[in-house]
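Examining the three-dimensional arrangement
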Amino acid sequence: AGAGFKSKQDTTVPDGSNPQGICVSADGTRAFVSMWGAGGIKVINTSTLATVTNFTGGTGLAPRGNCLSADGSVLWVVTDGGTYLEKYGVNSATDTYAFLSELNFDGTSNNIHFVRLSKDGLTAYVPGGTTSLLYSADLTADPPTRLPDVSLGGAANYLAVHP
């Protein structure tokens, strides 16, 4: 480990599951891991590193990036195999997770990796991966409503947002 970093404990994932994205609940008790090769989301108890549950849903074939809403009630996931933004309800009290809706930005492209929310949590931003577009969606609608694309002038996989 590098300076300032210490390994607390490792946890393993099944061979071929190919974990891609991770986010942690605001209280730090749950980690949500996008298991690209296994086609689902793994929820991990961060204290014990034990798997709480696995869940899937929607049309997208392989989850990549994910992020939680500020209040932790919604998990947003982007998937390969079409450019899907999927919405899952999160009930942290019962550790239950339900597929709610999805938006397909572009059924022909794939290889998207990340989703980030605006500071107010009302807009999702998804870099196009193999396209030269930044996709965005209005999250106040259910399912989310696609907003106009922004041309990037080159393919982008990663995205940062202002804090």
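Bear in mind the structure is a predicted one, so any value in this text is a computation, not a measurement.

All right, on to the environment of T140 then. Along the chain, the position of T140 falls in the loop between β11 (133-138) and β12 (145-146). For T140, a relative accessible area of 56% gives the class exposed. The spacing of T140 and T123 is 17 residues in sequence and 8.0 Å in space, taken between C-alpha atoms. At 2.6 Å, the side chain of T140 forms a polar contact with the side chain of D138.

Further remarks concern the sheet that holds strand β3 (residues 40-45). Read from one edge to the other, the open sheet built from four strands follows the order β1-β2-β3-β4, with strand pairing classed as antiparallel. The strands lining the two open edges of the sheet, one partner per strand, are β1 (19-24) and β4 (51-55). Within this sheet the neighbouring strands show an average axis-to-axis angle of 20°, counted without direction. Sheet topology note: the β1/strand β2 (residues 30-35) ladder contains five bridges and is antiparallel. In the sheet register, I22 faces β2, and the bridge partner there is V33.

What follows concerns the pattern of salt bridges. Within this structure, the stated rule accounts for four salt bridges. The salt bridge involving R64 is made with D80; its shortest N-O contact spans 2.5 Å. In this pair, R64 sits in strand β5 (residues 62-68) while D80 sits in strand β6 (residues 74-80), placing the two residues 16 residues apart along the sequence. Between D142 and K87 there is a salt bridge whose closest N-O contact spans 3.7 Å. Here the residue D142 occupies a position in the loop between β11 and β12, and K87 occupies one in strand β7 (residues 84-91), the gap between them amounting to 55 residues. On the basis of relative accessible area, K87 is assigned to the buried category, the value being 13%.

On to the nonpolar core. Ranked by size, the top nonpolar core spans 15 residues in total, and within it W76, L85, F105, V115, V126 and L139 carry the most contacts. It is β6 that contributes the most residues to this core, three residues altogether. Listed in part, the 11 residues of the second largest apolar core include I41, L68, Y88 and Y97.

This part is about the sheet that holds β7. Across the sheet, which stays open at both edges, the four strands sit in the order β5-β6-β7-β8 with antiparallel pairing between neighbours. Two strands close off the open sheet at either side, each with one partner strand: β5 and β8 (96-104). For this sheet, the mean inter-axis angle between neighbouring strands, taken without regard to orientation, is 25°.

Rules behind the numbers
All residue numbers here refer to positions counted from 1 along the written sequence of the relevant chain. pLDDT decides what is reported in this predicted model: residues at 70 or higher carry local features, side-chain atom pairs at 80 or more are listed and counted, and totals for whole chains, interfaces and linings draw on all residues regardless. Side-chain calculation: all heavy atoms of the structure are included, whereas hydrogens and water are not. Helix and strand assignments follow DSSP, with helices taken as H or I runs no shorter than four residues and strands as E runs no shorter than two, numbered in order from the N terminus. A simple rule labels every residue: compare its accessible area, found with a 1.4 Å probe on the protein chains alone, to the largest value its type can have, and call it buried under 20%, exposed over 50%, or partly exposed in between. Whenever a nitrogen or oxygen atom comes within 3.5 Å of another N or O atom, the pair is scored as a polar contact, on the condition that within protein one atom can donate a hydrogen and the other can accept it, and that pairs from neighbouring residues in sequence are kept only if both atoms are in side chains. Only strands that DSSP links by at least two bridges are regarded as paired with each other. Axis definition: a line fitted to C-alpha atoms, limited for helices to the stretch in contact. Angles are taken between N-to-C directions and run from 0 to 180 degrees. Salt bridges are identified by distance alone: a Lys or Arg side-chain nitrogen within 4 Å of an Asp or Glu carboxyl oxygen. By nonpolar core is meant a set of buried Ala, Val, Leu, Ile, Met, Phe, Trp, Tyr and Cys residues that side-chain atoms within 4.5 Å join together.

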